[in-house]
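The primary structure of each chain is shown beneath.
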Amino acid sequence: MTLLRDRELASAFDDAARAYDLLTALNPGYTADLLRSARRLRLPGGGAGLRVLDLGCGTGASTRALLRAAPHASVTAVDASAGMLARARAKPWPARVCFRQLAAERVAEEEGPFDAVFAGYLFRNVTDPDEVLASVRHLLRPGGRLAVHEYSLSGGAAHRALWTAVCRGVIVPAGTLTGDGGLYRHLWRSVLAFDTAPAFAGRLARAGFTGVRVLPVAGWQTGLVHTFVAGNGSVGGVREAR
Ligand SMILES: C[S@@+](CC[C@H](N)C(=O)[O-])C[C@H]1O[C@@H](n2cnc3c(N)ncnc32)[C@H](O)[C@@H]1O
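Residues numbered from 1 in each chain as written. Predicted model: local features only at pLDDT ≥ 70, side-chain atom pairs only at ≥ 80, totals over all residues.

Some words on the overall build of the protein chain
Now for step 1: Looking only at helices and strands, the protein chain features 8 helices and 7 strands.
Now for step 2: Against the 2.2 N^0.38 benchmark of 18 Å for 242 residues, the protein chain shows a C-alpha radius of gyration of 17 Å, consistent with a compact globule.
Now for step 3: With the C-alpha coordinates aligned to their principal axes, the bounding extent of the protein chain is approximately 50 × 40 × 30 Å.
Now for step 4: Looking at the protein chain as a whole, 42% of its 242 residues are labelled buried. (Helix = DSSP H or I, 4+ residues; strand = E, 2+ residues; numbered from the N terminus. Rg over C-alpha atoms; globule rule 2.2 N^0.38 Å. Buried ≥ 20, exposed ≤ 12 C-beta atoms within 10 Å, placed from the backbone.)

Remarks on the nonpolar core
Now for step 1: Core analysis: the biggest nonpolar cluster contains 65 residues, and Val52, Leu66, Val117 and Phe118 have the highest contact counts within it.
Now for step 2: Not counting residues up to four positions away in its chain, the partners in contact with phenylalanine 118 are Ala38, Leu41, Val52, Asp54, Leu55, Ser62, Leu66 and Ala147. (Core = buried A, V, L, I, M, F, W, Y, C linked by C-beta atoms within 7 Å. Contact = placed C-beta atoms within 7 Å.)

Thoughts on the site of the ligand
Now for step 1: The environment of the ligand is formed by 21 residues, the closest being Gly56, Gly58, Ala61, Ser81 and Gly120.
Now for step 2: For the shell around the ligand, the secondary structure elements donating two or more residues are helix H1 (6-25) and helix H3 (61-69).
Now for step 3: By residue number, the principal contributor to the shell around the ligand is H1, which donates 3 residues.
Now for step 4: Class assignment for the residues of the shell around the ligand results in 13 nonpolar, 6 polar and 2 charged. (Near = placed C-beta within 6 Å. Nonpolar A, V, L, I, M, F, W, Y, C, P; charged D, E, K, R; others polar.)

Quick word on H1
Now for step 1: Along its length, H1 reaches its greatest deviation from straightness, about 65 degrees, at alanine 17.
Now for step 2: Three or more residues of H1 are buried, namely Phe13, Ala16, Ala17 and Tyr20.
Now for step 3: Contact partners of the buried residues in H1: helix H4 (82-89) and helix H7 (181-193). (Bend = angle between axes of the 7 residues up to and from the residue.)

Quick word on the sheet that holds strand E1 (residues 51-55)
Now for step 1: The mixed open sheet is built from 7 strands, whose spatial order is E3-E2-E1-E4-E5-E7-E6. At either margin of the open sheet sits one strand with a lone partner, and together these are strand E3 (97-101) and strand E6 (210-216). Direction aside, the axes of adjacent strands within the sheet are offset by 15 degrees on average.
Now for step 2: Relative to strand E7 (residues 225-231), E6 runs antiparallel, the two being bridged by 5 bridges. In the strand pairing of E7, proline 216 is matched with histidine 226.
Now for step 3: Most of the contacts of helix H2 (residues 30-39) go to strand E5 (residues 140-151), to which it runs at about 155 degrees, and overall it touches strand E4 (114-120), E5 and E7. (Pairing = 2+ DSSP bridges. Axes fitted to C-alpha atoms, helices over the stretch in contact; angles between N-to-C directions.)

Observations concerning the packing of H1 against H4
Now for step 1: With their axes 6 Å apart at the nearest point, H1 and H4 run at an angle of 35 degrees to one another. Contacts between H1 and H4 involve Phe13, Asp14, Asp15, Ala17, Tyr20 and Asp21 from the first element and Ala82, Gly83, Met84, Ala86 and Arg87 from the second.
Now for step 2: Here the residues of the contact of H1 with H4 are counted per class, giving 6 nonpolar, 1 polar and 4 charged.

Describing unusual backbone geometry
Comment: phi is negative for the bulk of residues other than glycine, and the bulk of peptide bonds are trans.
Now for step 1: For the bond from glycine 112 to proline 113, the omega torsion is 0 degrees, close enough to zero to count as cis.
Now for step 2: Of note, proline 113 is situated in the loop between E3 and E4.
Now for step 3: Not every positive phi belongs to a glycine, and arginine 42 is a case in point at roughly 50 degrees.
Now for step 4: Within the secondary structure, arginine 42 is located in the loop between H2 and E1.
Now for step 5: The phi dihedral of tyrosine 121 falls on the positive side, at around 60 degrees, and the residue is not glycine.
Now for step 6: Within the fold, tyrosine 121 resides in the loop between E4 and helix H5 (129-139).

Digging into the pairing of E1
Now for step 1: Extensive coverage of E1 is indicated by the burial of 4 of its 5 residues.
Now for step 2: Direction of pairing for E1 relative to strand E2 (residues 74-79): parallel, over a ladder of 5 bridges. Paired with leucine 53 across the two strands is threonine 76, which belongs to E2.
Now for step 3: As a crossover connection, the stretch from E1 through H3 into E2 is right-handed.
Now for step 4: Bridge count between E1 and E4: 3 bridges; the pairing is parallel. Pairing of valine 52 across the sheet is with alanine 116, part of E4. (Right-handed = clockwise from strand over helix to strand, strands pointing away.)

Okay, here's the thing in structure tokens:
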């Protein structure tokens, strides 16, 4: 099962960028689920005075979710694909949002520190998730939080079969119609190859994250998509919104 990685993947996202928002708009719950995960960061005070990193921001759907969850936060949004970033930058944003073309593996410590990191549909795309998690821990302030929103299957046979049925019946045909069949076949296979939800939770704990929680999303993606919320271990960080 060959997956797209690094430059090849960025190039596939460059090509797919023009139809990306259309295809995600056809996915029931895409925006609401991202918002649900961003809210699970529980950033206090609407994010006032906080710096948040959106890792793999794409065309800005996850950035928009972060801003809705924490309207006063300053957001740095990074992505490896110039095409996806161009779509994001073309949208209206407050001055507290900035976009950078950077691979997740290359976000330097000077960009930080951040109070929170959000990664929407990124981790199953990276070559070495452990390397990126280690980097995220360095970028987070002590007590900072991570929320990962990802296609990470429950581990049950029914959810694996449902994912393949949806990909064969809807996702790959729709992606092929827009000329992006390769990327959407990658989506299908990368989800099957990626950690199940319990396995990714274990990966987070091994990377040193604390208080790891795995939360479901609603709708048809239940059992297919999860939110993973964790802290970077140290005390004295962002206090939870009540
Ligand atoms: C499925 S899209 C999700 C975009 C956005 N977060 C959202 O929720 O709509 C995944 C994004 O991750 C980016 N990406 C994949 N691998 C990356 C990496 N190693 N570093 C930075 N961005 C990466 C892709 O270019 C793409 O824009």
